[in-house]
Amino acid sequence: MCGIVAYIGSRHAHSVILKGLKRLEYRGYDSAGLALMNGNLSVYKKQGKVSDLENYLHEVGQDTLHASLGIGHTRWATHGEPNDVNAHPHYSGNKELAIIHNGIIENYDSLRTELINKGHQFESETDTEVLIHFIEDIKKHENLSLEESVRVALTRVIGAYAICIVSASEPNTLIAARKGSPLVLGLGKEKGEFFLASDATPIVEYTSDVVYLNDNEVCVIKNEKFTIKDIHTELETAPYIQTLDIELEAIEKGGFEHFMLKEIYEQPKSISDCMRGRLNAETSTMMLGGIREYIDNMVDANRIIIIGCGTSWHAGLVAEYIFEDLCRIPVEVEYASEFRYRNPVINPGDVVIAISQSGETADTLAAIELAKAQGAIVLGVCNVVGSSIARASHAGSYTHAGPEIGVASTKAFTAQLTVLTMFALLVGRKKGTLDEAFYQTLLQEMDEIPEKVEKALELNAHIKYISDIYKDATNAIYLGRGHNFPVALEGALKLKEISYIHAEGYPAAEMKHGPIALIDKEMPVVVVATQDSSYEKVVSNIQEVKARKGQVIAVVTEGDSLIANMADHVLEIPATNQLLTPLVSVIPLQLLSYHIAVLRNCNVDQPRNLAKSVTVE
Ligand code: F6R
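Residues numbered from 1 in each chain as written. Predicted model: local features only at pLDDT ≥ 70, side-chain atom pairs only at ≥ 80, totals over all residues. Heavy atoms only, no water.

## Concerning empty space enclosed by the protein
Within the structure shown, the criterion is met by two cavities of 30 Å³ or more. Estimated volume of the largest cavity: approximately 80 Å³. Along the walls of the largest cavity sit 15 residues, with C2, W76, T78, H88 and G103 positioned nearest its centre. Contributing elements (two or more residues each) for the lining of the largest cavity: β6 (97-105) and α4 (127-141). At three residues, the largest contribution of residues to the lining of the largest cavity is made by β6. Partitioned by chemical class, the residues of the lining of the largest cavity number five nonpolar, eight polar and two charged. By volume, the second largest cavity amounts to about 60 Å³. Y470, A473, N475, A476, Y478, L495, I501, P524, V526, I553, L592 and I596 are the residues that line the second largest cavity. Here the element with the most residues in the lining of the second largest cavity is strand β22 (residues 475-480); it accounts for three residues. (1 Å grid on protein atoms, 1.4 Å probe; cavity = no way out; pocket = protein on both sides within 12 Å on 5 of 7 lines; lining within 4 Å. Points joined across faces, edges and corners; volume = space filled by probe spheres on them. Helix = DSSP H or I, 4+ residues; strand = E, 2+ residues; numbered from the N terminus. Nonpolar A, V, L, I, M, F, W, Y, C, P; charged D, E, K, R; others polar.)

Next up, the structure:
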């Protein structure tokens, strides 16, 4: 959480940084700030969005903002409430240094007490201000260079960080370091131009040459050159320069009112992109290069453990059904945050699949380390190329959904399902639990999914109409069975996170064990009721809701007249094999949450209290 950007070069640093912060705002948006080397080392910061900072800078006046070096930050508060004082950057006590930080310094309290005893005074409540005072203190009392002081300080702090530091006494130097929070270095086309950012989106406009910093690396940019060293060994590391494959259009709204809507509409393409070069229905072939060497580990696995958080966890729940059906391997799906803290039993032969859009979720990352330490093979399913989880896994497959900027995950979910289904198809076929004819049928069905998603998107206008009816609801229940149960969970999560309506997802049969008590004529009940093996049972559940006067919005298979006669509203989606239904049945639920949130005037792309990349535990 929190987004950081830094720039050194011949452009206006403040413009590059502000634009970059807007791209990173999905990572946190409760305050923003920047520090510029504009003769002095000046810090400008404001509570609120990057646009509030921008307005404030207009008042300050462009003339004072000229600088070729600067650092900027958009915050998701951890230590200290969102306000101007707690906003980053933070100065050192003597105002010689300024820092931006994404992460948490866990031993900040003891460091703070130590520094207060030495006479330091703090303005904010943040751990970050403690870190910059600590660096200042080491520089002064141990008589070290700035670069050395930063490195030494980092060997003594506990926690996670991506930081950038500038110093008034070294106006052409930029120092950055990472441990546990992402940081990308962009190499500008001109000599001496460099960018640093939490992800590549602020950089892509200027260069495609990047270096993803590794944990425990410190990068020093000075004299138009950069060097990267290991914080502990002090050894210089050879940079691995990668070429970005993100297009600028992919990170812009492209005519849509919100990123979330754009991303919902991108799903026919993102699912195709995910299958491209991997699945060929015509030749009945499939290949996933990234996990080629680990297919046998899955085939021979006694158990597959899937870990993830939020929407990624829901994708894991769908995959459980698919793996068990096609591969006959027991699957456990765990919240990464629970798995990592409950001394899980991991046996030799277990394969762990870690799912994460951002590839930076702290709990998932920690769960991976735990699983690896206990001998499990870990396969990653990530969207962000080069992310920490992708790198921490033994192998994996990217979802190739393109940048997902709306905080509510949509296209990442369907791309995760696509990858996981391909895993299961490969494993089931090799294991012999999936016969050839069914394998070919599923490949054919997979190939048709983008078209079916396109068809489901045609429901948009009808969903907007339904949303208007239910926009003032205070509660909602989502029901589904089998493969559609996780879809119900996902629909409820989407609604609550962006429209702030309380919503619960339940397996439809569980309703009578408690939630049925909530049903009255005010309660919208969204039922995913496609024609699959549990169809009749779901029909009975709808009747139970209607008998109690609940308002039923049903997602049904095209041509379903039975449910049409019972439900208050039906949303028809094209038929597909039930294993693949969630790829299509989730689409109306994404649109429903989107429209309700818009009608309630909620900030769809940046819902309150949330951030896209959850890098704190
Ligand atoms: C919900 C949502 C979150 C994420 C969760 C995991 O719309 O976006 O629940 O799914 O924070 O994030 P990743 O997938 O990046 O690990």
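## Quick word on the packing of aromatic side chains
Tallying each qualifying case throughout the model produces five aromatic pairs. Residues W313 and Y335 carry aromatic rings whose centres are separated by 3.8 Å and whose planes lie at 15° to one another, so their mutual orientation is stacked. You can see W313 sitting in helix α9 (residues 310-327) and its partner Y335 sitting in strand β18 (residues 331-335), a full 22 residues away along the chain. Pairwise contacts between aromatic rings join Y7, F195 and Y206 into one cluster. (Phe/Tyr/Trp six-rings, centres within 6.5 Å; stacked < 30°, edge-to-face > 60°.)

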